[in-house]
Amino acid sequence: MIKTIPLSDAAIDQYNQEGWCLLGRVVDDETLEKLRAEEAKFRNRPLHYDDPKPNPPTLFRSQMTAYSAVVRDFGMNGPHVPLIQQVLGPNLAWIYTQFVTKFPDADTGKSEFPWHQDNGYAKVLPENNMTIWIALDDVDLNNGCVWIVPRSHLGGILPHGQKSADSWHLEVPVEGDGVPAIMKAGEAVAFTGLTLHRSKLNHSSAPRRAFFMQYVDANGTIGDDNVPVVDRPMTYVVSGEADYFRRPQKSTAQ
């Protein structure tokens, strides 16, 4: 496994001020092949929440912790974990994971994922949650790398609208292109749950595979009803603990 190199003060400052930073290589060759194998294994396998549609422009395989020992081991023990702890602190929970496979789609133009904030899909408090987006293939301008709007996290959560009547994608209008996160396979970019990001079409001849995970303060809540993250299925406490007495308590008054 790759030896963890702590984030520099400059990288932490960039993350806090710009809402994102590159982490460099966080997946060694052996683990990279294991994650690629897991993506392939589950690409056409029905899961409890979804049956894969034939020939999708982009395939999403979510919440893989229940299905994959490789995913669980990496998410709990990977070299990225100490880097997250530098920013979020010792009490760390892992709430979401997803393989995202963007197939070649230059002709139909359906694989673009519009500008959005991750917290536009689910409210998280405190709003310091972090997404780790890992390239399983080299990603660039041609095959659909992630694009980011620096400092967009400073404006808080923005109104999201549905992309179209036949799409579950949410979107936020954005002027300009943002900044591309061009990476080699095994490298990662970190961004906040409030950072605007998107991906464009895959103009290459091969699928663009990616894997991402989202981490939060273990004492945080999620959703409009502010459910403690540790009470949700498929949440893993990676380090530290959740302090019960810091949770919002329900009133027992009659």
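One can find the structure itself at the top, above this paragraph.
Residues numbered from 1 in each chain as written. Predicted model: local features only at pLDDT ≥ 70, side-chain atom pairs only at ≥ 80, totals over all residues. Heavy atoms only, no water.

Draft legend 1. Looking closely at the overall build of the chain. Across its full length, the chain holds 4 helices and 16 strands. Dimensions of the chain, computed from C-alpha atoms along their principal axes, come out at roughly 60 × 45 × 40 Å. Evaluated residue by residue, the chain yields a buried proportion of 49% over its 254 residues. Residue pairs at least 24 apart in sequence account for 82% of intrachain contacts in the chain once pairs closer than 6 positions are excluded. When the accessible surface of the chain is split by element, carbon and sulfur atoms take 52% of a total near 12,400 Å². Put simply, the chain has 24 plus and 31 minus side-chain charges, and the middle of one group is 4 Å from the middle of the other. (Helix = DSSP H or I, 4+ residues; strand = E, 2+ residues; numbered from the N terminus. Buried < 20%, exposed > 50% of the residue type's maximum accessible area, 1.4 Å probe, protein only. Contact = heavy atoms within 4.5 Å. Areas by Shrake-Rupley, 256 points an atom, 1.4 Å probe, with all protein chains shown as cover. Lys, Arg positive; Asp, Glu negative; His and termini not counted. Charge placed at Lys NZ, Arg CZ, Asp CG, Glu CD.)

Draft legend 2. Geometry of the side chain of His116. Residue placement: His116 occurs in strand S4 (residues 113-116). At a separation of 2.9 Å, a polar atom in the side chain of His116 contacts the main-chain carbonyl oxygen of Pro114. When residues no more than four places from it in sequence are discounted, the contact partners of His116 are Tyr121, His160, Leu170, Thr195, Leu196 and His197. (Polar contact = N/O pair within 3.5 Å; in protein donor to acceptor, adjacent residues only side chain to side chain.)

Draft legend 3. The arrangement of helix H3 (residues 69-77) in detail. Within H3, the full set of buried residues consists of Val71, Phe74 and Gly75. Along the long axis of H3, the arc covered by the buried residues comes to 95°, so they all point the same way. As for H3, its buried residues are in contact with helix H2 (29-42), helix H4 (81-88), strand S3 (92-102), strand S6 (130-135), strand S13 (208-217) and strand S16 (236-239). Two to three positions downstream of the cap, the backbone nitrogen of Val70 sits 3.4 Å from a side-chain oxygen, assigning the N-cap of H3 to Ser68. (Arc of directions from axis to C-beta.)

Draft legend 4. Molecular detail of the nonpolar core. Of all hydrophobic cores here, the largest spans 32 residues; its most connected members are Leu23, Ile132, Ile134, Phe211, Met213 and Tyr215. If you tally residues by element for this core, the top one is H4, at 4 residues. (Core = buried A, V, L, I, M, F, W, Y, C linked by side-chain atoms within 4.5 Å.)

Draft legend 5. View of the side chain of His197. Tracing the sequence through the fold places His197 in strand S12 (residues 197-199). Assessed through its relative accessible area of 6%, His197 is described here as buried. Within polar-contact distance, the side chain of His197 engages the side chain of Asp118 at 3.2 Å. Other than its neighbours up to four places away in sequence, His197 contacts Pro114, Trp115, His116, Asp118, Val146, Trp147, Ile148 and Phe191.

Draft legend 6. Focus on the pattern of salt bridges. Inspection of the entire model under this criterion finds 9 salt bridges. Between Arg43 and Glu39 there is a salt bridge, with the nearest N and O atoms lying 2.9 Å from each other. The exposure classification of Arg43 matches that of Glu39, with both residues buried. (Salt bridge = Lys/Arg side-chain N within 4 Å of Asp/Glu carboxyl O.)

Draft legend 7. Representation of the sheet that holds strand S10 (residues 179-181). If you walk across this open sheet you meet the 4 strands as S4-S12-S7-S10, and the pairing is antiparallel. Each of the sheet's edge strands pairs with one partner strand only, and the pair in question is S4 and S10. Taken over all neighbouring pairs, the strand axes of this sheet differ in orientation by 25° on average, direction set aside. (Pairing = 2+ DSSP bridges. Axes fitted to C-alpha atoms, helices over the stretch in contact; angles between N-to-C directions.)

Draft legend 8. Quick look at the sheet that holds strand S5 (residues 124-125). The sheet built from 3 strands is open, its strands ordered S5-S14-S15 with antiparallel pairing. Each of the sheet's edge strands pairs with one partner strand only, and the pair in question is S5 and strand S15 (227-228). Across 2 bridges, the pairing between strand S14 (residues 221-222) and S15 is antiparallel. Across the sheet, the residue bridging to Thr221 is Pro228, located in S15.

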